[in-house]
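Residue-level structure breakdown
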Amino acid sequence: KKARGRQQGSQPPRQQAMPWTNLLLTIIGLGILATVTARAAPGLRSALSHSVMSRCVMCSAPASSSMPALPHDVIKYSHVPKEGRFSKDRIPGGLLKQHSTKKGTWGRIQVSQGELQYKINEGAHAGVNVLRAPATGIIEPGVYHEVAPLTDDVEFIVEFLRVPGTGPVDEKRE
């Protein structure tokens, strides 16, 4: 017997997912991950947070192909500014011009508010990245880069990290 155009016992045709469905599932997944991260132990929270943030170049977007990856075993040894955060009016002139870290020193830009342009001026990852809070930008050792505020409310810090056993830390920072 036929039931309205299909044979009895057969499955209805599958419908394709709407494009917005994937976006909705991504947003739900990020919400769950944020909840898990917030409830995790401090050490795990840091690892989870960095894992997620290092993949976010533009808020909730997939990682940019121009963003380098931070080695998994780096250890933070310093950050600037020592107190508070950089804001549009408190960014040192040296950060606004082309500069680099010393050999072996990685950097992690943590944007907590607003938007910051992070330009990598050379190498395989050369390009311009817009970091929308909350976002992280990774600085490779010795690679020339610069930043510029894109919004009046921007706030960020820069952390300095090294792979263990790669030499002494001799950089003098603010």
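Throughout this description, residue numbers start from 1 for each chain and increase along the sequence as written. For a predicted model such as this one, the threshold for reporting local features is a pLDDT of at least 70, and the threshold for listing and counting side-chain atom pairs is 80 or more; totals across whole chains, interfaces and linings nevertheless cover every residue. As a convention, hydrogens and water are excluded, and side-chain values are obtained from all of the structure's heavy atoms.

For the rest of this paragraph, the subject is the pattern of salt bridges. Salt bridge, as used here, is a side-chain nitrogen of Lys or Arg placed within 4 Å of a carboxyl oxygen of Asp or Glu. Taken as a whole and assessed by the stated rule, the structure comprises four salt bridges. Lys76 is paired through a salt bridge with Glu159; the nearest N and O atoms lie 3.6 Å apart. Here Lys76 is found in strand β3 (residues 75-80), whereas its partner Glu159 is found in strand β10 (residues 155-162), with 83 residues between them in sequence. Exposure categories follow from relative accessible area, calculated using a 1.4 Å probe and restricted to protein chains: below 20% of the type maximum is buried, above 50% is exposed, and the middle band is partly exposed. Using a relative accessible area of 39% as the deciding quantity, one classes Lys76 as partly exposed. Members of the salt-bridge network, linked through shared partners, are Lys76, Arg108 and Glu159. What counts as a helix is a DSSP run of H or I of at least four residues, what counts as a strand is a run of E of at least two, and both are numbered from the N terminus.

Let us now look at unusual backbone geometry. The omega torsion of the bond from Val80 to Pro81 falls at -5°, within 30 degrees of zero and hence cis. Assignment of secondary structure puts Pro81 in the loop between β3 and β4 (86-87).

One requirement defines pairing of two strands: DSSP has to find at least two bridges between them. Pairing of strand β5 (residues 106-113) with β10, which is carried by seven bridges, proceeds in the antiparallel orientation. Following the sheet pairing, Val111 is matched in β10 by Phe156. Examined bridge by bridge, β5 and strand β8 (residues 135-139) share five bridges and lie antiparallel to one another. Paired with Gly107 across the strands is Ile139, a residue of β8.

Relative to the assigned elements, Thr101 resides in the loop between α3 (93-96) and β5. Accessibility expressed as a relative area gives 5% for Thr101, which makes it buried. Between the alpha carbons of Thr101 and Val143 there is a distance of 7.0 Å; along the sequence they are 42 residues apart. Contact between two residues is taken to exist if any of their heavy atoms lie within 4.5 Å; hydrogens are not considered. In this structure Thr101 touches Ile139, Glu140, Pro141, Gly142, His145 and Phe160, once residues within four positions along its chain are discounted.

On to the sheet that holds strand β6 (residues 115-120), then. Taken in spatial order, the three strands of this open sheet run β7-β6-β9, and their pairing is antiparallel. Two strands in the sheet have a free side with no partner beyond their single neighbour: β7 (127-132) and β9 (145-149). The average undirected angle you get between the axes of adjacent strands in this sheet is 20°. Every angle, taken between N-to-C directions, lies between 0 and 180 degrees, and every axis is a line fitted to C-alpha atoms, over only the stretch in contact when it is a helix.

For the rest of this paragraph, the subject is the nonpolar core. Take the buried Ala, Val, Leu, Ile, Met, Phe, Trp, Tyr and Cys residues and link them wherever side-chain atoms come within 4.5 Å; each set so joined is a nonpolar core. Judged by nonpolar contacts, the single largest core of 24 residues is most densely connected at Ile109, Tyr118, Phe156 and Val158. Looking at this core, the elements that each hand over two or more residues are β5, β6, β8 and β10. If you tally residues by element for this core, the top one is β10, at four residues. When residues no more than four places from it in sequence are discounted, the contact partners of Ile109 are Leu116, Tyr118, Leu131, Ala135, Thr136, Gly137, Ile139, Val147, Phe156, Ile157 and Val158.

This paragraph deals with the environment of Ala69. You can see Ala69 is positioned in the loop between α2 (42-53) and β3. Here the alpha-carbon distance between Ala69 and Ile138, two residues 69 residues apart in the chain, equals 6.9 Å. If near-sequence neighbours (up to four positions away) are discounted, Ala69 is found in contact with Trp106 and Ile138.

Quick look at the pairing of β8 now. With respect to burial, β8 is a largely interior element, five of its five residues being buried. Side chains Ala135, Gly137 and Ile139 project from β8 onto one buried face, and the interleaved Thr136 and Ile138 project onto a second face that is buried too.

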